[in-house]
Structure formats: structure tokens, C-alpha cells
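# Survey of secondary and tertiary structure
Listed here are the chains, written in short residue letters.
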Amino acid sequence: MLDRLLYPLYEKRLKRELQGVKRPKHIAVMADGNRRWAREAGFEDISHGHRVGAAKIGELVQWSAEMGVEVVTIYLLSTENLSRTEEEVQLLYDIISGVVDELSGDGYEARIRLVGHLNLLPEKVANRMRSAAAATEDKTGIVVNIAVGYGGRQEIVDAVKNFIDAKVSEGVPAEKLADGVSVESLSAHLYTSGQPDPDLVIRTSGEQRLSGFLLWQSAYSEIWFTDTYWPAFRKIDFLRALRDYSQRSRRFGK
């Protein structure tokens, strides 16, 4: 009861503190801790954690749009996650496909972009996600990157391969390929090509590492960790992350 009274007041206070201060244009979120939340909440079926966590994605997108964020990238399925039990991986496919379907619907003015090695997914699953994402191409709202079948090292490998393929198709001889390699030329072949790098990376669940997430793009990102598990992540947690970001001095390695 007390929480219901105090949280709205705290939320208003945080919003006041964020007025007129710098805010991130691109936020990347590692939505971690679904299984641990379910276990500690007493659920024998960990799928409940995944489902509650999935429901939180739409809230995050709404909060981000409300606070003027232009791009949000959400890490939902890593290449390492694919080694879990077949039952859990299939569950994740169904849940993530449902998230993409929801975000592509009329309730959101979001442009969905899939970032990851989708060839690692079953063709039916990948095609369902691609179809839903394609339906949002003409929307004008916040860009939402869904990182699925994603691995940071694999992304860099794919970028190098695509760079080489593009140069070869242009007729560039092998001995000249190295001349065209630069930060800019490889960035153009990343999954997030054309987008700003994340200003802020948020990771829930108490883990303090990137785990291969956006290795290239997050080189100079500010990182904010919280012990809160993803299903329990609240709007005030999100606003606190923005407040912390506004108080940092970004040096970009200088």
C-alpha cells in the first residue's frame, strides 16, 4: 500500500530532475535474470520468468519513447542461449516471436529491426519475426532493435565477411582489400549499420559484464548495472539509470 503511494511521487521527482539534462539517444538493455527471478519467487516452472520478462519489453519501449530515446536495443537471445535444453529454447522462440508480434502491432509506433544471426534460428521462427518486423518499416516512432541469435564476436565476423564480399563484387583485387579497412567501413556492415552507437547500456540481475553484447558499438558507452532482475525492473529503475547517465562526464577515451 505504501509503495503504491510513494512510487508515483518518486517517479515525478525523477522526471523533474531529468528536465533539461542530457539524455541518451540510444539505450541498449541486457534483460537478464528471468530464470533467477522465477526461482526466487517460488515458481517451479521457470517459463513464468520468461513470460513476465517478455511482458516488460513493451513497457520499456513505452518508457523510452516517453523520455525521448530514439533507439532501444534489447538483448533477448544470445548464440550461447541456443545451447540450453530444446524445451527451453523452443519456449524462448515462441515468447520472443510474440514480443516482436506485439511491438509491430497498432499499439506501438515502433520500427522493429532484428539484429543477430537469424540463420541460426529455425526457418519458420526467423520468417515469422522478419514478417512482423517488415510490417513496421513505414512507422515513424522509436527504433527497436531485437537482438536474437546474437553474438558480439559473430557480428564482427559477419561484418568483415560482408565487407569483403562487397569489395569483391566491386572488383577490388585481393591485394587491395586491406586498403579499404577502417572503423567506418566495417561499421557500415554491422547489424546496427546507420544507427548511433548506444550511449547507455543497462544490465539487470547483478551481473557486471557485457557478455558479448554490442562489443564494437559499446566501446565508449556508459554502463549501468542493477541487482534487480529483469521481470522486477520498474519505471523508477529506468529513470534512475537516465539520471545517473545525466551526471556522468563522457570522455570517449580521451
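See the structure printed just above.
Below, the structure is looked at part by part.

Analysis parameters
Residues numbered from 1 in each chain as written. Predicted model: local features only at pLDDT ≥ 70, side-chain atom pairs only at ≥ 80, totals over all residues. Heavy atoms only, no water. Helix = DSSP H or I, 4+ residues; strand = E, 2+ residues; numbered from the N terminus. Rg over C-alpha atoms; globule rule 2.2 N^0.38 Å. Buried < 20%, exposed > 50% of the residue type's maximum accessible area, 1.4 Å probe, protein only. Lys, Arg positive; Asp, Glu negative; His and termini not counted. Charge placed at Lys NZ, Arg CZ, Asp CG, Glu CD. Phe/Tyr/Trp six-rings, centres within 6.5 Å; stacked < 30°, edge-to-face > 60°. Lys NZ or Arg CZ within 6 Å of the ring centre and 35° of its normal.

A word on the overall build of the protein. A tally of helices and strands in the protein yields eight helices and six strands. Each helix (α) and strand (β) of the protein, taken in turn from the N terminus, gives the series α-β-α-α-β-α-β-α-β-α-α-β-β-α. What you see for the protein is a C-alpha radius of gyration of 19 Å, in line with the 18 Å of a compact globule of 254 residues. Along the longest, intermediate and shortest principal axes, the C-alpha atoms of the protein span 70 × 45 × 35 Å. Per-residue burial for the protein yields a buried fraction of 46% across its 254 residues. Distance from the positive charge centre (34 side chains) to the negative charge centre (36 side chains) of the protein: 6 Å.

Moving on, we come to the packing of aromatic side chains. Across all of its chains, the model carries eight aromatic pairs by this definition. Considering the side-chain rings of Y150 and F213, the 6.1 Å spacing of their centres and the 85° angle between planes classify their relative orientation as edge-to-face. In this pair, Y150 is assigned in strand β4 (residues 143–150) and F213 in the loop between β5 (200–203) and β6 (222–225), connecting sequence segments 63 residues apart. Members of the aromatic cluster, connected to one another through ring pairs, are W63, W230, F233 and F238. The side chain of K22 reaches across the aromatic face of Y245, ending 5.4 Å from its centre.

Interpretation in functional terms is not warranted from these geometric data alone.
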